[in-house]
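Examining the three-dimensional arrangement
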Amino acid sequence: MSAEFPVRRYRAVFISDIHLGTRGCQAELLLDFIRHVECERLYLVGDIIDGWKLKGGWFWPQTHNDVLQKILRLARKGVEVIYVPGNHDEVARDYCGVHFGGVVVARDAVHEAADGKRYLVLHGDEFDGVTRNARWLAFLGDWAYRTVLALNTVFNHARRRLGFGYWSLSAYLKVKVKNALQFIEDFEAAVADEARRRGVDGVICGHIHKAEIRDIQGIVYLNDGDWVESCTALVEHFDGALEILEWAKLRSWSVIDRLRAREATDTPEPAAA
Ligand SMILES: [Mn+2]
(Lines give C-alpha, C1' and ligand atoms only; values in the text may rest on other atoms or scores of the structure.)
Protein backbone atom coordinates (compact mmCIF):
# COMPACT_ATOMS: atom_id res chain seq x y z
CA MET A 1 0.00 0.00 0.00
CA SER A 2 2.81 2.40 0.86
CA ALA A 3 5.89 0.60 -0.43
CA GLU A 4 7.81 3.90 -0.52
CA PHE A 5 7.72 4.03 3.28
CA PRO A 6 9.52 0.98 4.69
CA VAL A 7 8.62 -0.69 7.99
CA ARG A 8 10.85 0.46 10.85
CA ARG A 9 11.97 -2.04 13.47
CA TYR A 10 12.60 -1.21 17.12
CA ARG A 11 13.32 -3.10 20.31
CA ALA A 12 10.60 -1.24 22.20
CA VAL A 13 7.94 1.37 21.46
CA PHE A 14 6.25 3.66 23.99
CA ILE A 15 3.01 5.48 23.17
CA SER A 16 0.52 7.26 25.40
CA ASP A 17 -2.27 9.82 25.52
CA ILE A 18 -4.14 8.41 22.54
CA HIS A 19 -7.51 9.46 24.00
CA LEU A 20 -9.64 7.01 22.03
CA GLY A 21 -13.26 8.05 22.41
CA THR A 22 -12.60 11.73 21.75
CA ARG A 23 -12.71 13.72 18.53
CA GLY A 24 -9.18 14.97 19.08
CA CYS A 25 -7.70 11.47 18.79
CA GLN A 26 -5.67 11.09 15.59
CA ALA A 27 -6.55 7.42 15.15
CA GLU A 28 -5.79 7.28 11.41
CA LEU A 29 -2.27 8.57 11.91
CA LEU A 30 -1.77 6.11 14.76
CA LEU A 31 -3.02 3.22 12.59
CA ASP A 32 -0.54 4.33 9.96
CA PHE A 33 2.19 4.33 12.63
CA ILE A 34 1.24 0.81 13.76
CA ARG A 35 1.30 -0.39 10.13
CA HIS A 36 4.83 0.90 9.60
CA VAL A 37 6.47 0.04 12.91
CA GLU A 38 7.47 -3.33 14.35
CA CYS A 39 8.71 -3.95 17.87
CA GLU A 40 9.36 -6.70 20.40
CA ARG A 41 7.74 -4.82 23.26
CA LEU A 42 5.00 -2.20 23.25
CA TYR A 43 4.28 0.01 26.25
CA LEU A 44 0.91 1.77 26.40
CA VAL A 45 1.75 4.55 28.83
CA GLY A 46 -1.76 5.63 29.83
CA ASP A 47 -4.75 7.65 28.63
CA ILE A 48 -5.34 5.13 25.87
CA ILE A 49 -9.13 5.30 26.19
CA ASP A 50 -10.66 8.51 27.47
CA GLY A 51 -13.16 7.26 30.03
CA TRP A 52 -14.23 10.70 31.18
CA LYS A 53 -15.42 11.65 27.73
CA LEU A 54 -17.15 8.33 27.12
CA LYS A 55 -19.33 9.02 30.14
CA GLY A 56 -20.36 12.37 28.68
CA GLY A 57 -21.17 11.31 25.13
CA TRP A 58 -20.48 8.44 22.80
CA PHE A 59 -17.83 9.05 20.16
CA TRP A 60 -16.48 5.74 18.96
CA PRO A 61 -15.79 5.56 15.20
CA GLN A 62 -14.50 2.41 13.51
CA THR A 63 -10.93 3.74 13.46
CA HIS A 64 -10.87 3.84 17.27
CA ASN A 65 -11.98 0.22 17.33
CA ASP A 66 -9.30 -0.60 14.75
CA VAL A 67 -6.58 0.79 17.03
CA LEU A 68 -7.59 -1.59 19.83
CA GLN A 69 -7.94 -4.52 17.40
CA LYS A 70 -4.49 -3.88 15.92
CA ILE A 71 -2.89 -3.68 19.37
CA LEU A 72 -4.59 -6.91 20.48
CA ARG A 73 -3.42 -8.57 17.27
CA LEU A 74 0.17 -7.53 17.98
CA ALA A 75 -0.17 -9.11 21.44
CA ARG A 76 -1.50 -12.34 19.90
CA LYS A 77 1.42 -12.41 17.46
CA GLY A 78 3.96 -12.33 20.26
CA VAL A 79 4.62 -8.66 20.91
CA GLU A 80 4.89 -8.13 24.66
CA VAL A 81 2.28 -5.46 25.40
CA ILE A 82 2.40 -3.68 28.76
CA TYR A 83 -0.49 -1.37 29.58
CA VAL A 84 0.10 1.25 32.28
CA PRO A 85 -3.27 3.06 32.71
CA GLY A 86 -3.43 6.84 33.13
CA ASN A 87 -5.91 9.18 34.77
CA HIS A 88 -8.32 9.21 31.82
CA ASP A 89 -8.50 5.40 31.80
CA GLU A 90 -7.97 4.91 35.51
CA VAL A 91 -10.76 2.30 35.71
CA ALA A 92 -8.17 -0.06 34.20
CA ARG A 93 -6.01 0.48 37.31
CA ASP A 94 -8.36 -1.94 39.10
CA TYR A 95 -6.94 -4.64 36.81
CA CYS A 96 -3.25 -4.23 37.58
CA GLY A 97 -1.54 -7.62 37.40
CA VAL A 98 -4.25 -8.99 35.12
CA HIS A 99 -3.41 -10.43 31.68
CA PHE A 100 -6.04 -10.13 28.97
CA GLY A 101 -5.55 -11.11 25.34
CA GLY A 102 -1.78 -11.12 25.80
CA VAL A 103 -1.76 -7.64 27.36
CA VAL A 104 -0.40 -7.17 30.89
CA VAL A 105 -1.88 -4.35 32.98
CA ALA A 106 0.52 -2.70 35.44
CA ARG A 107 0.44 0.36 37.70
CA ASP A 108 4.00 1.05 36.57
CA ALA A 109 6.90 -0.94 35.13
CA VAL A 110 10.67 -0.98 34.87
CA HIS A 111 12.00 -1.30 31.33
CA GLU A 112 15.52 -2.64 30.92
CA ALA A 113 17.05 -1.30 27.73
CA ALA A 114 19.50 -3.22 25.51
CA ASP A 115 22.41 -1.26 27.03
CA GLY A 116 21.44 -2.35 30.55
CA LYS A 117 19.94 1.04 31.55
CA ARG A 118 16.75 0.80 33.60
CA TYR A 119 13.78 3.10 33.10
CA LEU A 120 10.76 3.54 35.32
CA VAL A 121 7.63 3.60 33.13
CA LEU A 122 4.58 5.44 34.48
CA HIS A 123 1.83 7.69 33.14
CA GLY A 124 2.69 10.65 35.35
CA ASP A 125 -0.60 12.09 36.61
CA GLU A 126 0.50 11.21 40.16
CA PHE A 127 2.99 14.07 39.85
CA ASP A 128 0.61 16.59 38.36
CA GLY A 129 -0.35 19.34 40.78
CA VAL A 130 -3.39 20.21 38.68
CA THR A 131 -5.96 19.43 41.34
CA ARG A 132 -4.04 21.38 43.98
CA ASN A 133 -3.10 24.41 41.89
CA ALA A 134 -4.67 26.24 38.98
CA ARG A 135 -2.11 25.17 36.42
CA TRP A 136 -2.52 25.14 32.68
CA LEU A 137 -4.58 21.95 32.39
CA ALA A 138 -7.18 23.15 34.88
CA PHE A 139 -6.90 26.68 33.54
CA LEU A 140 -7.64 25.66 29.98
CA GLY A 141 -10.16 22.98 30.87
CA ASP A 142 -11.55 20.35 28.54
CA TRP A 143 -13.71 22.69 26.49
CA ALA A 144 -11.00 25.29 25.91
CA TYR A 145 -8.51 22.58 25.09
CA ARG A 146 -10.75 21.09 22.41
CA THR A 147 -11.34 24.56 20.97
CA VAL A 148 -7.59 25.08 20.67
CA LEU A 149 -7.31 21.73 18.87
CA ALA A 150 -10.05 22.74 16.42
CA LEU A 151 -8.31 26.07 15.82
CA ASN A 152 -5.13 24.15 15.23
CA THR A 153 -6.70 22.36 12.25
CA VAL A 154 -7.85 25.63 10.66
CA PHE A 155 -4.51 27.23 11.41
CA ASN A 156 -2.56 24.44 9.75
CA HIS A 157 -4.70 24.66 6.62
CA ALA A 158 -3.62 28.29 6.36
CA ARG A 159 0.02 27.46 7.09
CA ARG A 160 -0.05 24.82 4.44
CA ARG A 161 -1.43 27.18 1.81
CA LEU A 162 1.46 29.49 2.62
CA GLY A 163 3.90 26.63 2.18
CA PHE A 164 4.82 26.03 5.83
CA GLY A 165 4.98 22.68 7.61
CA TYR A 166 2.67 21.31 10.29
CA TRP A 167 2.80 23.22 13.54
CA SER A 168 0.94 22.65 16.78
CA LEU A 169 -0.79 25.79 18.07
CA SER A 170 -1.64 24.28 21.43
CA ALA A 171 1.92 23.04 21.83
CA TYR A 172 3.05 26.59 21.12
CA LEU A 173 0.59 28.06 23.63
CA LYS A 174 1.66 25.61 26.27
CA VAL A 175 5.27 26.63 25.89
CA LYS A 176 4.48 30.35 25.67
CA VAL A 177 2.22 30.67 28.67
CA LYS A 178 4.51 31.26 31.62
CA ASN A 179 2.43 29.17 33.99
CA ALA A 180 2.51 26.32 31.53
CA LEU A 181 6.28 26.46 31.43
CA GLN A 182 6.48 26.39 35.21
CA PHE A 183 3.98 23.53 35.32
CA ILE A 184 5.99 21.47 32.85
CA GLU A 185 9.23 22.14 34.74
CA ASP A 186 7.70 21.16 38.08
CA PHE A 187 6.19 18.03 36.55
CA GLU A 188 9.42 16.92 34.91
CA ALA A 189 11.41 17.53 38.11
CA ALA A 190 8.88 15.61 40.25
CA VAL A 191 8.90 12.63 37.89
CA ALA A 192 12.71 12.63 37.77
CA ASP A 193 12.81 12.74 41.60
CA GLU A 194 10.66 9.62 41.73
CA ALA A 195 13.04 7.85 39.33
CA ARG A 196 15.98 8.84 41.53
CA ARG A 197 14.14 7.56 44.61
CA ARG A 198 13.53 4.21 42.86
CA GLY A 199 17.20 3.86 41.90
CA VAL A 200 16.74 3.70 38.12
CA ASP A 201 18.62 5.51 35.35
CA GLY A 202 15.63 7.27 33.86
CA VAL A 203 11.90 7.64 33.64
CA ILE A 204 9.49 7.28 30.72
CA CYS A 205 6.10 8.94 31.04
CA GLY A 206 3.32 10.74 29.18
CA HIS A 207 0.39 12.78 30.50
CA ILE A 208 1.46 16.37 29.72
CA HIS A 209 1.42 15.87 25.91
CA LYS A 210 4.94 17.17 25.47
CA ALA A 211 7.48 14.77 24.02
CA GLU A 212 10.93 15.24 25.50
CA ILE A 213 14.29 13.62 26.14
CA ARG A 214 16.51 15.48 28.56
CA ASP A 215 18.82 15.03 31.50
CA ILE A 216 17.53 16.23 34.87
CA GLN A 217 20.43 16.12 37.34
CA GLY A 218 21.67 12.74 36.21
CA ILE A 219 18.25 11.20 35.53
CA VAL A 220 17.12 10.77 31.90
CA TYR A 221 13.62 12.20 31.62
CA LEU A 222 11.68 10.88 28.61
CA ASN A 223 8.14 11.74 27.60
CA ASP A 224 6.53 9.96 24.65
CA GLY A 225 4.12 12.82 23.84
CA ASP A 226 0.61 12.10 22.54
CA TRP A 227 -1.68 11.20 19.63
CA VAL A 228 -4.02 14.15 19.94
CA GLU A 229 -1.83 16.93 18.64
CA SER A 230 1.85 16.12 18.21
CA CYS A 231 1.51 12.42 17.14
CA THR A 232 4.74 11.27 18.75
CA ALA A 233 6.17 8.00 20.01
CA LEU A 234 9.29 7.08 21.93
CA VAL A 235 11.28 4.21 20.41
CA GLU A 236 14.22 2.15 21.61
CA HIS A 237 16.73 1.04 18.99
CA PHE A 238 18.44 -2.34 19.28
CA ASP A 239 21.51 -0.76 20.90
CA GLY A 240 19.41 0.80 23.65
CA ALA A 241 19.38 4.32 22.16
CA LEU A 242 16.08 6.13 22.65
CA GLU A 243 14.51 8.48 20.13
CA ILE A 244 11.30 10.47 19.72
CA LEU A 245 9.48 9.90 16.43
CA GLU A 246 7.28 12.75 15.25
CA TRP A 247 4.99 10.77 12.99
CA ALA A 248 3.11 13.69 11.43
CA LYS A 249 6.45 15.19 10.43
CA LEU A 250 7.81 11.91 9.06
CA ARG A 251 4.78 11.46 6.82
CA SER A 252 4.10 13.75 3.86
CA TRP A 253 1.14 16.11 3.64
CA SER A 254 -0.44 13.97 0.90
CA VAL A 255 -0.48 10.95 3.23
CA ILE A 256 -1.78 12.96 6.18
CA ASP A 257 -4.53 14.45 3.98
CA ARG A 258 -5.61 11.01 2.84
CA LEU A 259 -5.63 9.69 6.40
CA ARG A 260 -7.57 12.67 7.74
CA ALA A 261 -10.10 12.42 4.91
CA ARG A 262 -10.64 8.80 5.86
CA GLU A 263 -11.01 9.82 9.46
CA ALA A 264 -13.69 12.34 8.47
CA THR A 265 -15.74 9.92 6.41
CA ASP A 266 -14.90 6.96 8.66
CA THR A 267 -14.53 4.59 5.73
CA PRO A 268 -14.78 0.96 6.81
CA GLU A 269 -11.63 -1.14 6.44
CA PRO A 270 -11.44 -3.16 3.20
CA ALA A 271 -12.65 -6.74 3.68
CA ALA A 272 -9.12 -8.12 3.19
CA ALA A 273 -7.76 -6.16 6.15
MN1 LIG B 1 -3.08 11.82 31.58
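Not measured: the values here are computed from a predicted model.

Moving on, we get to the overall build of the chain. Check the secondary structure of the chain and you find eight helices and twelve strands. A total of 273 residues make up the chain; the buried ones form 38% of that total. Here the contacts in the chain between residues at least 6 apart in sequence split such that 69% fall between residues at least 24 apart.

Grouped together as the largest cluster of nonpolar side chains are 57 residues, with contacts concentrated most on V13, F14, L44, V45, V203, I204 and A233. If sequence neighbours within four positions are ignored, I204 has contacts with F14, V45, H111, Y119, V121, L222, D224 and L234.

With that settled, consider the sheet that holds strand β1 (residues 8-15). In spatial order, the strands read β4-β5-β3-β2-β1-β11-β12; together these seven strands make up an open sheet with mixed pairing. The two strands at the open ends of the sheet, each matched to only one other strand, are β4 (99-100) and β12 (242-246). The pairing of β1 with strand β2 (residues 37-44) spans seven bridges and is classified as parallel. Paired with V13 across the strands is L42, a residue of β2.

Moving on to the sheet that holds strand β6 (residues 109-112). The strand order across the open sheet built from five strands is β6-β7-β8-β10-β9, with neighbouring strands paired in mixed fashion. Two strands in the sheet have a free side with no partner beyond their single neighbour: β6 and β9 (212-216). Neighbour-to-neighbour, the strand axes of the sheet open up by a mean angle of 25°, direction not taken into account. Where β6 lies against strand β7 (residues 118-121), four bridges are found, and the strand directions are antiparallel. Its bridge partner lying in β7, H111 is registered against Y119.

The pLDDT averaged across the chain works out to 85; a share of 83% of its residues lies at or above 70. Every residue in residues 131-136 is under pLDDT 50, and counting partners more than four places away or in other chains gives ten contacts. Segment residues 267-273: pLDDT under 50, and three contacts once partners within four positions in sequence are set aside and those in other chains are kept.

What follows is about the environment of D226. Its location among the elements puts D226 in the loop between β10 (219-223) and β11 (232-236). On the neighbour-count criterion, D226 (27 C-beta atoms within 10 Å) is buried. Sequence separation between D226 and V45 is 181 residues; the distance between their C-alpha atoms is 9.9 Å. Apart from residues no more than four positions distant in its own chain, D226 is found in contact with S16, D17, G206, H209 and T232.

Here helix α1 (residues 27-36) crosses helix α3 (residues 62-76) at 25°, and the two axes come no closer than 9 Å. In this view, α1 runs roughly parallel relative to α3, as classed from their interaxial angle. Classified by chirality, the crossing of α3 by α1 is left-handed. Across from A27, E28, L30, L31 and I34 in α1, the residues of α3 making contact are T63, H64, D66, V67 and K70. The residue inventory of the contact of α1 with α3, partitioned by class, reads five nonpolar, two polar and three charged.

What follows deals with α3. Between the first and last C-alpha of α3 there are 21 Å, a value that for 15 residues agrees with the 21 Å anticipated at 1.5 Å per step. If you check which residues of α3 are buried, you get T63, H64, V67 and I71. All buried residues of α3 lie within an arc of 115° about the axis, which places them on one face of the element. Of the residues trailing α3, G78 is marked for its positive phi of about 105°.

Every other side chain in a regular strand lies on the same face of the sheet, so the side chains alternate between the two faces. Sheet topology note: the β11/β12 ladder contains five bridges and is antiparallel. Bridging across to β12, L234 finds its partner in I244. Hairpin connection of β11 to β12: five residues between the antiparallel strands, including G240 at a positive phi of 95°.

Our next topic: unusual backbone geometry. For D17, which is not glycine, the phi torsion reads 50° and is therefore positive. Mapped onto the secondary structure, D17 falls in the loop between β1 and α1. With 28 C-beta atoms packed within 10 Å, D17 lands in the buried category. Phi is positive for Q217, close to 45°, though the residue is something other than glycine. When you line up the elements, Q217 lands in the loop between β9 and β10. Take Q217: there are 9 C-beta atoms within 10 Å of it, and that puts it in the exposed class.

Rules and cut-offs
Residues numbered from 1 in each chain as written. Predicted model: local features only at pLDDT ≥ 70, side-chain atom pairs only at ≥ 80, totals over all residues. Helix = DSSP H or I, 4+ residues; strand = E, 2+ residues; numbered from the N terminus. Buried ≥ 20, exposed ≤ 12 C-beta atoms within 10 Å, placed from the backbone. Contact = placed C-beta atoms within 7 Å. Core = buried A, V, L, I, M, F, W, Y, C linked by C-beta atoms within 7 Å. Pairing = 2+ DSSP bridges. Axes fitted to C-alpha atoms, helices over the stretch in contact; angles between N-to-C directions. pLDDT = per-residue confidence, 0-100. Parallel < 35°, antiparallel > 145°, perpendicular 65-115°, else oblique. Left-handed = near helix turned anticlockwise from the far one by under 90°. Nonpolar A, V, L, I, M, F, W, Y, C, P; charged D, E, K, R; others polar. Expected span 1.5 Å × (residues − 1). Arc of directions from axis to C-beta.

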